Amino acid sequence: MLLSELAEKELIQMNDGIRFGILAETECLLDPKTGQIYGFEMIHKGHRIPFKAKSPKMHEYIPWDEIVLIGEDRILFNNVKPMNSGLTE
């Protein structure tokens with residue numbers, strides 16, 4: 001699979017069915033020494049759910065180990081974590 005193909009896949013949280021956009025709208029978090037991918041930082045452009053306000057300063061990421069399936073059109077994952085929770089936990 002080409003990186004450009006991966007970048008166009010939709011990010012869907014399995015628990016709630018919430019669409020988080022496409023992978024190209026995230027920042028890849030990796031260790032520059034080893035090349036290990038920790039996850040993908042979410043760049044919030046607005047609210048995902050109407051009437052559910054979130055702090056605009058809240059930063060979240062999808063940990064690599066939360067990704068369940070990389071399908072033909074979508075990437076399914078379990079949970080997002082706050083950026084301050086530590087990337088290597």
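Everything below is about the structure printed above this text.
Residues numbered from 1 in each chain as written. Predicted model: local features only at pLDDT ≥ 70, side-chain atom pairs only at ≥ 80, totals over all residues. Heavy atoms only, no water.

Caption draft 1: Expanded view of the pairing of strand E7 (residues 74-77). The two faces of E7 differ: Ile75 and Phe77 on one face are buried, but Arg74 and Leu76 on the other face are not. Sheet topology note: the strand E1 (residues 10-13)/E7 ladder contains four bridges and is parallel. Note that in E7 the partner of Ile12 across the bridge is Leu76. Direction of pairing for strand E6 (residues 67-70) relative to E7: antiparallel, over a ladder of three bridges. (Buried < 20%, exposed > 50% of the residue type's maximum accessible area, 1.4 Å probe, protein only. Helix = DSSP H or I, 4+ residues; strand = E, 2+ residues; numbered from the N terminus. Pairing = 2+ DSSP bridges.)

Caption draft 2: View of the pattern of salt bridges. The tally for this structure, following the rule as stated, stands at two salt bridges. Among the ionic pairs, Arg19 bridges to Glu10, the shortest N-O distance being 2.6 Å. Taking the relative accessible area as the measure of exposure, Arg19 reaches 45% and is therefore partly exposed. Ionic pairing is found between Arg74 and Glu10, a salt bridge with its closest N-O pair at 3.3 Å. Of the two residues, Arg74 sits in strand E7 while Glu10 sits in strand E1, which places them 64 residues apart along the sequence. Here the salt bridges do not stand alone but share partners, grouping Glu10, Arg19 and Arg74 into one network. (Salt bridge = Lys/Arg side-chain N within 4 Å of Asp/Glu carboxyl O.)

Caption draft 3: Fine view of the pairing of strand E2 (residues 19-22). With two bridges connecting them, E1 and E2 associate as antiparallel partners. Of the residues in E2, the one forming a bridge with Ile12 is Arg19. Between E1 and E2, which pair antiparallel one after the other, the connecting turn spans five residues, and Gly17 there sits at a positive phi close to 75°.

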